[in-house]
Amino acid sequence: AAPGSAPISVTLDLPDGRGENATNGLLLAMLRAAGPVSDLIFSPGRAPQVGMHGKLIPVTAPGLSQLSADQTRRIASDLIGTNKQAITMLREQGSCDISYGLPGLARFRVNIFIQRGSCAVVMRVIPTTVPDFATLGLPAQLEEVANLRDGIVLVTGPRGSGKSSTLAALLDCINARQACHIITIEDPIEFLHSHKKATVHQRELHSDTPSFAQALRAALRQAPQVILVGEIRDRETTEMLLEAAETGHLVLSSLNTLDAAKTVERLLSMFAFGEQQSVRRRVAKTLRYVVSQRLLPRSEGGRVAVVEILKAGARTHAYLEQADDPRQNLLQIMKDGHSEGMQHFDEEIEKLVRGGIVDVETALKHATDPQELRAVLQECG
């Protein structure tokens, strides 16, 4: 079915109290009902839905027009199983994050939450194999990350832009090239990394450790050369990432920021005003890469990744230490940094328009500076 088309009709064995096998059958039927599914959504009063290319498509079955609150509760219960931490979080905080797998078939990042007194479930489909650079359409120059010995590498973008996949590809590249110790701290664990040249230990929030900060403190005593933290969420985690980078570790993490300049602003904003100058110096010394990405709809269907790269260098270091307009400075650094492997969003979007991959309306909607991009496109015909 094409995105935005009519509901997909399948035969579903819906949960009716028979337990996990019924839920697994439902998940499997939904995955097989459509093409490249990114999300599964279960909401009371709606048919089950699959996400494809950024759009939601209902999946219906004979006799089923919508899920009941009891059915979504049963699905949530089957997914949580005996995970006591998740049960406690759902009761006390109203939502919980877990991972779930269909052995040999699929893995999911799951968020279960309470809305209007009933359960709703959103499941992000995680590929069973770690993606490579070519599959994700990542620039080849990012393989240089595997040669880094210390510092911070940040992958940023809005939710659903593929940050976890990019982090997994970067980590796999390091795993294949370096005989080192890698520790990941994730909420929840998504991609499963096997030992290659590196030894990889993956820790999951709540089931293996109570917090990112506590796991990071422990990691510094576990002799890793590389540490991956799934997401930077607070000042304490940021402080510990800076400390880890300053003590000779290579640290990979993600932030929900739109571009490289916004990423620097976000890091600084986590600290009090009086601390920001010293933090700016620490970031300047430890930041190695900011890789920002967006997913744009293709003209002929599907989506394409657009990647912005800010790389450490003498100019980057100098500008990060200054308190002047860092947004414009960093953008100019990326514009001037082609020979160093840097690139910025609007120029990459312009290339997609020229290649007929993305239409002009879509390009302007996702551009950092739509007016400037429009002028460039008009000038070039």
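Predicted model, so just to flag it, every value in this text is computed and none were measured. (Residues numbered from 1 in each chain as written. Predicted model: local features only at pLDDT ≥ 70, side-chain atom pairs only at ≥ 80, totals over all residues. Heavy atoms only, no water.)

Caption draft 1: Quick look at the pairing of strand 2 (residues 39-42). Neither face of strand 2 is exposed, since D39 and I41 on one face and L40 and F42 on the opposite face are all buried. Note: strand 2 against strand 3 (residues 49-52), 3 bridges, orientation antiparallel. Of the residues in strand 3, the one forming a bridge with I41 is Q49. Connecting strand 2 to the antiparallel partner strand 3 that follows it, the hairpin turn spans 6 residues, and G45 within it adopts a positive phi of roughly 85 degrees. The pairing of strand 2 with strand 7 (residues 118-126) spans 4 bridges and is classified as antiparallel. Bridge pairing in strand 7 places I41 opposite V122. (Buried < 20%, exposed > 50% of the residue type's maximum accessible area, 1.4 Å probe, protein only. Helix = DSSP H or I, 4+ residues; strand = E, 2+ residues; numbered from the N terminus. Pairing = 2+ DSSP bridges.)

Caption draft 2: How the structure looks around the pattern of salt bridges. Under the counting rule described, the total for this entry stands at 19 salt bridges. E239 is the salt-bridge partner of R282, the closest N and O atoms lying 3.1 Å from each other. One end of the pair, R282, is in helix 9 (residues 276-286); the other, E239, is in helix 7 (residues 235-246), and 43 residues separate them in sequence. Between R354 and E350 there is a salt bridge, with its nearest N and O atoms 2.9 Å apart. Residue R354 and its partner E350 are both found in helix 12 (residues 345-354); the two are separated by 4 residues, about one turn of the helix. For R354, a relative accessible area of 52% corresponds to the exposed category. Connected through salt bridges with shared partners, the residues R159, D187, E231 and R233 form a single ionic network. (Salt bridge = Lys/Arg side-chain N within 4 Å of Asp/Glu carboxyl O.)

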